[in-house]
Structure formats: structure tokens, C-alpha cells
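# Descriptive structure summary
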Amino acid sequence: MAAALPPVSGTLVWYYTICPRECWLMCHQLNPDEDDPNIEYGRFLQDQAYKREKKEVGLGANRIDFIDAVGGELVVVEVKKSSRALESARMQLAHYLLSLEENGVRATGELRFPDERRREAVILDDQLRKEVEQTRAAVRRLMVQPQPPPVKRIHWCRRCAYAQFCWA
Ligand code: SF4
């Protein structure tokens, strides 16, 4: 019997927006070498370690870095070491905001890049809600595909943990 696929988490949304093939490999537990700090997966794990110092909040399959209260409003904070994958981080945070909304909690979001002394507000408006719903649906469709999407060279390949697997 095939192993059960994981629920759509913020992490998978993040991977999907980087590279659908990488997302498929991750959600089928074909894990890359974790030890190379020069590859994106290594960086991702560093991000996770960085975050564990914070107070994470669990929400289903999601691990939210922390939730702040600013002027009576809830602010979901996602901390990243770098803004290089800004669009992916934005979609990951939008997924958290939508997950909270589905549980009756309204919140805004903020991406924080402390090493860059930078913050970006993320508001779940109609446009972003539509984008994240489409992304979730695409991740679900991807999960049940029997094979990964074909290789397609993108700028992330250079530092991707699967580069050897994809391009050897
Ligand atoms: S090497 Fe490129 S195509 Fe392969 S999983 Fe990584 S980013 Fe995707």
C-alpha cells in the first residue's frame, strides 16, 4: 500500500513556489543530503534551526514562527535568514494566514529578515487569497502524481540539494 501523503503545509507551499519537482521529491520523502551548508536545503534547515530559538505555534501541519499582538491586531511573523526567496516566503505566510482564517482567526502577516534589518507586511487580500488557494490546489494535484514533474532548469538549481539527482 502506498504511504499516506502529508497534508499541505507551509513548508510544502514554500517548496512548491521554489520548484514543483523539489516539492514532489520532498513530499515523497526522497530527502537530499542535509549536511551541505552551501545548498538550499542546508540553508532551509539552518532557517529551521534559527527559528526553533523562537516560540513556534502549531496549526495543523504548520509551524508558525510566532504570533505577535500589535495594537489589538494579531500579526503572524515568519522569520527568514535571507529575502532571496521572497515570493516563496510570502506565499508560505499567506498559507498560514488563510489557515488561521479558516479557523475563524483574522490576522495580518509580517516577514522578518533580521540579518538584512528588513520587514515586509503581508495582507491576505482577495488577490493573495486566490493565489494561495491556487497554490494549495496545485500542491495537492502534484502530491498524487505518480512521477515527479520533469526537470526544468531554473536559477535555484545551482544550489539545490537535488542538482545531482536531476542533472547527473
Ligand atoms: S535541481 Fe532544479 S529542477 Fe531539480 S529539484 Fe532542484 S531546483 Fe528543481
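This text goes with the structure placed above it.
Parameters and conventions
- Residues numbered from 1 in each chain as written.
- Predicted model: local features only at pLDDT ≥ 70, side-chain atom pairs only at ≥ 80, totals over all residues.
- Heavy atoms only, no water.
- Axes fitted to C-alpha atoms, helices over the stretch in contact; angles between N-to-C directions.
- Helix = DSSP H or I, 4+ residues; strand = E, 2+ residues; numbered from the N terminus.
- Parallel < 35°, antiparallel > 145°, perpendicular 65-115°, else oblique.
- Contact = heavy atoms within 4.5 Å.
- Nonpolar A, V, L, I, M, F, W, Y, C, P; charged D, E, K, R; others polar.
- Polar contact = N/O pair within 3.5 Å; in protein donor to acceptor, adjacent residues only side chain to side chain.
- Near = heavy atom within 4 Å.
- Salt bridge = Lys/Arg side-chain N within 4 Å of Asp/Glu carboxyl O.
- Buried < 20%, exposed > 50% of the residue type's maximum accessible area, 1.4 Å probe, protein only.
- Pairing = 2+ DSSP bridges.

## Remarks on the packing of helix α1 (residues 10-18) against helix α5 (residues 126-143)
Their axes nearest at 10 Å, the elements α1 and α5 cross at an angle of 85 degrees. Considering their axes alone, α1 and α5 lie roughly perpendicular with respect to each other. Two secondary-structure elements touch here, α1 through L12, V13, Y16 and T17 and α5 through T135, A138, V139, L142 and M143. Partitioned by chemical class, the residues of the contact of α1 with α5 number seven nonpolar, two polar and no charged.

## Description of the side chain of D65
With respect to the helices, strands and loops of the structure, D65 is situated in the loop between β2 (62-64) and β3 (66-70). Within polar-contact distance, the side chain of D65 engages the backbone nitrogen of V79 at 2.6 Å.

## Focus on the site of the ligand
In the region of the ligand, the neighbouring residues are C19, E22, K152, I154, C157, C160, Y162, A163, C166 and W167. In terms of residue count, the dominant contributor to the shell around the ligand is helix α6 (residues 163-167) (three residues). Partitioning the shell around the ligand into residue classes produces eight nonpolar, no polar and two charged.

## Considerations on the pattern of salt bridges
For the structure on display, the rule yields 12 salt bridges. For E131, the salt bridge is made with R90, and the minimal N-O distance between the two is 3.8 Å. One end of the pair, E131, is in helix α5; the other, R90, is in helix α4 (residues 86-102), with 41 residues separating them in the sequence. Note on R90: relative accessible area 25%, which makes it partly exposed. Across the salt bridge formed by R118 and E120, the nearest N and O atoms sit 2.8 Å from each other. Three or more residues joined by partner-sharing salt bridges are found here, namely D68, E110, R112 and R119.

## Thoughts on the sheet that holds strand β4 (residues 73-79)
Overall, mixed pairing links the four strands, which are arranged β3-β4-β5-β6 in an open sheet. With partners counted over all chains shown, the strands left at the sheet margins are β3 and β6 (118-122), one partner each. Each neighbouring strand pair of the sheet contributes to a mean axis angle of 30 degrees, computed without reference to strand direction. Pairing of β3 with β4, which is carried by five bridges, proceeds in the antiparallel orientation. Bridged to A69 within β4 is L74. Those strands touched by α4 are β4, β5 (108-113) and β6, and its axis lies near 145 degrees from that of β5.

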